[in-house]
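Breakdown of the fold
Below, each chain spelled out in residue letters.
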Amino acid sequence: MKGRFMTPEKLRDPTTKYPKPPFKGQEQPWPGLASKMEPRPDHGEKSYKGSGRLMGRKALITGGDSGMGRAAAIAYAREGADVAINYFPTEEPDAQEVIELINAEGRKAIALPGDLRDQEFCKQLVADAVQALGGLDILVSNAARQQTRASILDVSAEDFDATMKTNIYAPFWVIKAALPHLQPGSVIIGTTSEQATDPSAELYDYAQTKAATTSFVKSLAKQLASKGIRVNGVAPGPIWTALQVSGGATQEKLKQFGGQTPMGRPGQPAELASIYVQLAASDASYATGQVYGAAGGSGQP
Ligand code: NAD
Ligand code: MG
C-alpha cells in the first residue's frame, strides 16, 4: 500500500455531505443536461478513487452521459475498464465531459449517440461497442424516460409508447444483441428503482417499467446463471439528476426533492457508483438476481 491509500479518510456525516432542499425551481427541455443543473450533480468527477477492480474489462453503459450512468462510467474507467457510452444526440455536451474523464484515466472512451427507441439503432449500438472495445463483458442498461403526469388521463398514447420503448423494449433489444458476445464472467446490470415496489401516483407509466426491470433482472439471472453470466439491478431512491429537471418531477416536488427521506436530502449519482462497480466486479461472483438499493433510508429495492 502506498500513496493516497495510506491517507486516513476523514469521516463524513452523510446527512450534511450534499445539498438539501429547498432547491431552486428549474426546468430544461428533455432530456436535460447535468451541466446546466443548479447545483450541479456530483458524479464522482473529483472524488471517485479506483483500485483496479475492473482492470481490462469492457463496458457499455446506456445513458452514460449523466446521472447514474455517468457515475458508473467514471468509476469503471478509474477501476481500469474501457467504456462505451450511449446517450441521446442532444446530450453531446454532457457526453463529451464523460469522454474526457475516461480518457484522462488512460482508458478507451467510445461515444455512441443515438435513440434507443429504435430497434435497429439498439442492434447497431451493441455491434459498434463490441467492435470499438474489442469485446464486451459489462452491459449496464441504465437509460430511461420519466415524465410526471398528475392523472392517467394526461398520459397520451405517444407518452406511454415512448416510456415503454425506452424503458422496456430498448433493454430487450440491447440485451438480445449483446448476449452472443458475453463470455462466462460477464455481467448485465439494470437500473431499476424504488418505484418498482413503491410507485408514485404521478408516475403511472414509468413506475410499471421499473417493476418490469426488476422482473427481467430476476428472470434473466435464473436463465443465464448456468452460462456464467450474472444479472443484477441497482435501485436508486430520489437522486439529483437531469431526468428530474426535464419533466421527471413537478416544480413543487423538485423544490423539496429528497426532503421526505430519513436522510433529508436527495442522493447524488456518485453515491451509487460503488454499487455498479461491486456488481460488475468478479469478486461478486455469487451475486445474481439481486437488487442493491441506495435510497436515503426510504424505499425497498
Ligand atoms: P439521467 O437523465 O441523467 O439519465 C437518463 C439517461 O437516459 C439520459 O442521460 C439519456 O442519455 C438516456 N435516454 C433516455 N431516453 C433515451 C433515448 N430515447 N435514447 C437514448 N438515450 C436515452 O437520469 P438518471 O436519473 O441518472 O437516470 C438513470 C437511471 O436511473 C434510469 O433508469 C432511471 O429510471 C433510474 N432512476 C433514477 C432515479 C432518480 O431519482 N434520478 C431514481 C430511481 C431510478
Ligand atoms: Mg443525460
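Preceding this paragraph is the structure being described.
These lines cover the structure that appears in this document, whether it is placed above or below. Bear in mind that the values here come from a model prediction, so they are computed numbers and not experimental data.

Focus: the overall build of the protein
Broken down by element type, the protein carries eight helices and seven strands. In summary, the protein has a C-alpha radius of gyration of 18 Å against a globular reference of 19 Å for 301 residues, a match within 12%. For the protein, the C-alpha atoms occupy an extent of roughly 50 × 45 × 35 Å along the three principal directions. For the protein, buried positions account for 53% of its 301 residues. Within the protein, contacts between residues separated by at least 24 positions form 78% of all contacts whose residues are at least 6 apart in sequence. Surface exposure of the protein reaches about 13400 Å², of which carbon and sulfur atoms provide 55%.

Describing the coordination of the magnesium ion (ligand 2)
Distances from the magnesium ion (ligand 2) to its protein donors, D65 (OD), S66 (OG) and E91 (OE), fall within 2.1 to 2.2 Å. Counting along the primary sequence, the residues that act as donors to the magnesium ion (ligand 2) give the motif D-S-x24-E. You can see S66 sitting in the loop between strand 1 (58-62) and helix 1 (67-78) and its partner E91 sitting in the loop between strand 2 (82-87) and helix 2 (92-104), a full 25 residues away along the chain. Of the two residues examined, S66 and E91, each falls in the buried class.

What about the packing of aromatic side chains?
Under the counting rule described, the total for this entry stands at five aromatic pairs. Arranged with centres 5.4 Å apart and planes meeting at 55°, the rings of Y169 and W173 form a pair that is tilted. A residue pair is termed a helical-turn pair when its members lie 3 or 4 positions apart in one helix, as Y169 and W173 do in helix 4 (residues 157-178) at four residues. For Y169, a relative accessible area of 41% gives the class partly exposed. A ring pair is formed by W240 and F257, whose centres lie 6.2 Å apart and whose planes are at 50°; its orientation type is tilted. On the criterion of sequence distance, the pair formed by W240 in the loop between strand 6 (230-236) and helix 6 (242-248) and F257 in the loop between helix 7 (251-255) and helix 8 (273-280) is long-range, its members being 17 residues apart. There is no split in this pair, since W240 and F257 are both buried. Aromatic rings pair up to connect F23, W240 and F257 into one cluster. A cation sits over an aromatic face here: K165 above Y169, 5.7 Å from the ring centre.

Notes on the side chain of S193
As for its placement among the helices and strands, S193 is situated in the loop between strand 5 (187-191) and helix 5 (204-224). A polar contact is formed between the side chain of S193 and the backbone nitrogen of Q195, at a distance of 2.8 Å. The contact partners of S193, leaving out residues within four places of it in the chain, are Y206, K210, V234, A235, P236 and P301.

Brief notes about the pairing of strand 6
For a regular strand, side chains alternate in direction, first toward one face of the sheet and then toward the other. Burial analysis of strand 6 places seven of its seven residues in the buried class, the great majority of the element. Both faces of strand 6 are covered, namely the face carrying R230, N232, V234 and P236 and the face carrying V231, G233 and A235. Inspection of the sheet shows strand 5 paired to strand 6 by five bridges, in the parallel sense. Within strand 6, the residue paired with I189 across the bridge is N232. Since strand 5 and strand 6 lie parallel, the crossover through helix 5 that links them has a hand, and here it is right-handed. Of the strand pairs in this sheet, strand 6 and strand 7 (residues 291-294) are connected by four bridges, and their pairing is parallel. What sits directly across from G233, in strand 7, is V291.

Cut-offs used in this document
- Residues numbered from 1 in each chain as written.
- Chains lettered and ligands numbered in written order.
- Predicted model: local features only at pLDDT ≥ 70, side-chain atom pairs only at ≥ 80, totals over all residues.
- Heavy atoms only, no water.
- Helix = DSSP H or I, 4+ residues; strand = E, 2+ residues; numbered from the N terminus.
- Rg over C-alpha atoms; globule rule 2.2 N^0.38 Å.
- Buried < 20%, exposed > 50% of the residue type's maximum accessible area, 1.4 Å probe, protein only.
- Contact = heavy atoms within 4.5 Å.
- Areas by Shrake-Rupley, 256 points an atom, 1.4 Å probe, with all protein chains shown as cover.
- Donors = N, O, S within 2.8 Å, 3.2 Å for Na, K, Ca; no water.
- Phe/Tyr/Trp six-rings, centres within 6.5 Å; stacked < 30°, edge-to-face > 60°.
- Lys NZ or Arg CZ within 6 Å of the ring centre and 35° of its normal.
- Polar contact = N/O pair within 3.5 Å; in protein donor to acceptor, adjacent residues only side chain to side chain.
- Pairing = 2+ DSSP bridges.
- Right-handed = clockwise from strand over helix to strand, strands pointing away.

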